[in-house]
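Analysis of the macromolecular model
The chain contents come next:
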Amino acid sequence: MALPAKQEHYTYADYLLWEGPERYELINSEAVMLASPTRIHQDISMELSRQLANYLEGKSCRVYAAPFDVRLFEREGDRPEDVQTVVQPDISIICDRDKLDERGCKGSPDLTLEILSPSNACHDLLVKLNLYQRAGVREYWVVSPEDKTVNVFLLDGDGLKLSYVYGPKDIAKVNVLDGCFIELSKVFPA
């Protein structure tokens, strides 16, 4: 089937059957269709991925760009029928290789990055921030192509807190990767 059949609740087992060019996330058993990214979104994603991949070369952590399934709350022994949340962050960094399988990541990445677009800003700033916080994602970046900013949220005892706001000429520190910095002038060229 190209689109999910109409039903109240979906699981990862249903999600695995969906075919077609459409992309979905599964948020608490609800299917949420994702819009195709813009060219600017893709330029930003590619540059961030390139810088992160260059830094991670020869290291144990891995970087993945969407589409890449992250089953945030999946636990050992869960079946696809048990999983109700699957997200596709624009970029994920996973340092625990035991979380990786042939379908993506089971559990929370160390870092997720979302690139805002007019159609997803509220979703990324509210719904996904809440999900990533509940799942224990240690660092969450919200990248705004329009404002040319990067908001960095870090996990502490009270949840994900806005810790840094970087502009287009700044060098952004990746807190979960020792010694990793991103040149934002290459992410947001003039």
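Look above for the structure.
Right, let's walk through the structure included here.

How each quantity is defined
Residues numbered from 1 in each chain as written. Predicted model: local features only at pLDDT ≥ 70, side-chain atom pairs only at ≥ 80, totals over all residues. Heavy atoms only, no water. Disulfide = S-S within 2.5 Å. Buried < 20%, exposed > 50% of the residue type's maximum accessible area, 1.4 Å probe, protein only. Phe/Tyr/Trp six-rings, centres within 6.5 Å; stacked < 30°, edge-to-face > 60°. Helix = DSSP H or I, 4+ residues; strand = E, 2+ residues; numbered from the N terminus.

1. So, the state of the cysteines
For the coordinates displayed, the defined rule picks out 1 disulfide. Unpaired in terms of disulfides, Cys 105 finds its nearest cysteine sulfur in Cys 95, a separation of 10 Å. The structure places no disulfide on Cys 180, whose sulfur is separated from the nearest cysteine sulfur, that of Cys 61, by 9.8 Å. We classify Cys 180 as buried; its relative accessible area is 1%.

2. Quick word on the packing of aromatic side chains
Evaluated as defined, the whole model comprises 8 aromatic pairs. Each ring, one from Tyr 12 and one from Tyr 15, has its centre 5.5 Å from the other, and the planes form 35°; the classification is tilted. Of this pair, Tyr 12 and Tyr 15 are both found in helix H1 (residues 12-15), 3 residues apart, which corresponds to roughly one turn of the helix. Given the relative accessible area of 10%, Tyr 15 is considered buried. With a centroid separation of 5.8 Å and 15° between ring planes, the pair formed by Tyr 164 and Tyr 166 is classed as stacked. Residue classification places Tyr 164 among the partly exposed residues on the basis of a relative accessible area of 34%. In this structure an aromatic cluster arises from ring pairing among Tyr 10, Tyr 12, Tyr 15, Trp 18 and Tyr 24.

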